[in-house]
Amino acid sequence: TLALAGMGVFMPVDLQDVFKKRPSVRAAALEAWKDTYVKPVYSEKQKKDLARKREVERRRRARLIDDAAETVLLLPKDAAVAFTVRDDPAAAASLERHVGQIDVVIPDWFGASGNGCELVEHIDAPTQRILDSHDVLVMPRIANFTDQKWHGEQFAAMMRDDTNRRCFVNKLVTRLDQLKADGVNVDVEELAPEDSEPLLELLVELKNALHKRGMRLTVCVSFYDPAYDLEFIGQLADAVFVMAYDQHYPASKPGPISGKAWF
């Protein structure tokens, strides 16, 4: 022990310098990582196992959405859809200038933390005034985003609880009906892959309740995210919006948020 201690004194371990500047990620390395991420490599046995599991899953989910998928309330043909935000002072002014060119407006009016069936409202008067005075379809956005953060785990727990899920659907649809809305846009993010089926259950119940009142269900989905079962969300929703942006963002170099070649 003494000998080892002495070696430690005279021959110190070569520790990494944690105060060095953080290395930057090279574009080529990032591109290689992206290709690996979106195109995983499986053995033949793994492919067969995945195909078998997916077929079992597909049959179960087809039964889940069967009745709800039969009816669709389409948006107007070639509809121009605009998402509006509350935290940008220029948003209401921009909406007022262009509302005559828009068919569908999705205002950011509802949030959910996933605590029980809690529903958080943040309806802004300027946007509501503009929408009330123009002939556009209004489908408020509901997102699992409150207090400046996404609540993936909490919202997933709510979706798995039959009582809370039904309470949430009833509360949301009742409020939409009071607002004389034309539907809702569901933007649920930061879910785990195992949350994909509870999300479908929520969407089925929500669509059934909305359609009884003549309202539409629209859903936002991300790229490459297993939490969104695109095959069945596509059959279930009245419209699907792919979140095809973030090519450039506030912390990146300047450029388009979704250039045509990138998209």
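Just so you know, these numbers come straight off a predicted model, no measurement behind them. (Residues numbered from 1 in each chain as written. Predicted model: local features only at pLDDT ≥ 70, side-chain atom pairs only at ≥ 80, totals over all residues. Heavy atoms only, no water.)

J.: Help me understand the pattern of salt bridges in this model?
T.: Opposite charge on two side chains permits them to pair, given that their charged atoms come into close proximity. In this structure the tally under the stated criterion is 23 salt bridges. It is possible to trace a salt-bridge network through shared partners that takes in Arg54, Glu55, Glu57, Arg58, Arg59, Arg60, Arg61, Glu197, Asp229 and Glu231. (Salt bridge = Lys/Arg side-chain N within 4 Å of Asp/Glu carboxyl O.)

J.: Please explain the confidence of the model for the protein chain as it appears in this structure.
T.: Close inspection of predicted coordinates is inappropriate for parts of the model with low pLDDT. On average, residues of the protein chain score 88 in pLDDT, and 85% of them are at 70 or above. In the model, residues 1-8 has pLDDT below 50 throughout and makes one contact with residues more than four positions away in sequence or in other chains. (pLDDT = per-residue confidence, 0-100. Contact = heavy atoms within 4.5 Å.)

J.: In this structure, what is going on with the side chain of Asn185? I would like to understand it.
T.: Tracing the chain through its elements places Asn185 in strand S8 (residues 183-187). You can call Asn185 buried: its relative accessible area is 0%. Among the polar contacts made by the side chain of Asn185, one reaches the side chain of Thr218 at a distance of 3.1 Å. Not counting residues within four places of it along the chain, the set of residues in contact with Asn185 comprises Phe83, Ile106, Met139, Pro140, Arg141, Ile142, Thr218, Val219, Cys220 and Phe241. (Helix = DSSP H or I, 4+ residues; strand = E, 2+ residues; numbered from the N terminus. Buried < 20%, exposed > 50% of the residue type's maximum accessible area, 1.4 Å probe, protein only. Polar contact = N/O pair within 3.5 Å; in protein donor to acceptor, adjacent residues only side chain to side chain.)

J.: What exactly am I supposed to notice about the packing of aromatic side chains here?
T.: Two aromatic rings are characterised by how far apart their centres lie and by the angle between their planes. In the structure shown here, the tally under the stated rule is three aromatic pairs. Taken together, a centroid distance of 5.5 Å and an interplanar angle of 85° make the contact between Phe83 and Phe241 edge-to-face. Placement of Phe83 in strand S1 (residues 81-84) and of Phe241 in strand S10 (residues 239-242) is noted, with a sequence separation of 158 residues between them. (Phe/Tyr/Trp six-rings, centres within 6.5 Å; stacked < 30°, edge-to-face > 60°.)

J.: Can you walk me through the side chain of Asn144 in this structure?
T.: For Asn144, the position within the fold is in the loop between strand S5 (141-143) and strand S6 (145-146). Look at Asn144 and you get buried, because its relative accessible area is 0%. Polar side-chain contacts of Asn144 include one of 2.9 Å to the backbone oxygen of Glu189. With near-sequence residues (within four places) excluded, Asn144 lies in contact with Ala112, Lys149, Trp150, His151, Gly152, Phe155, Asp187, Val188 and Glu189.

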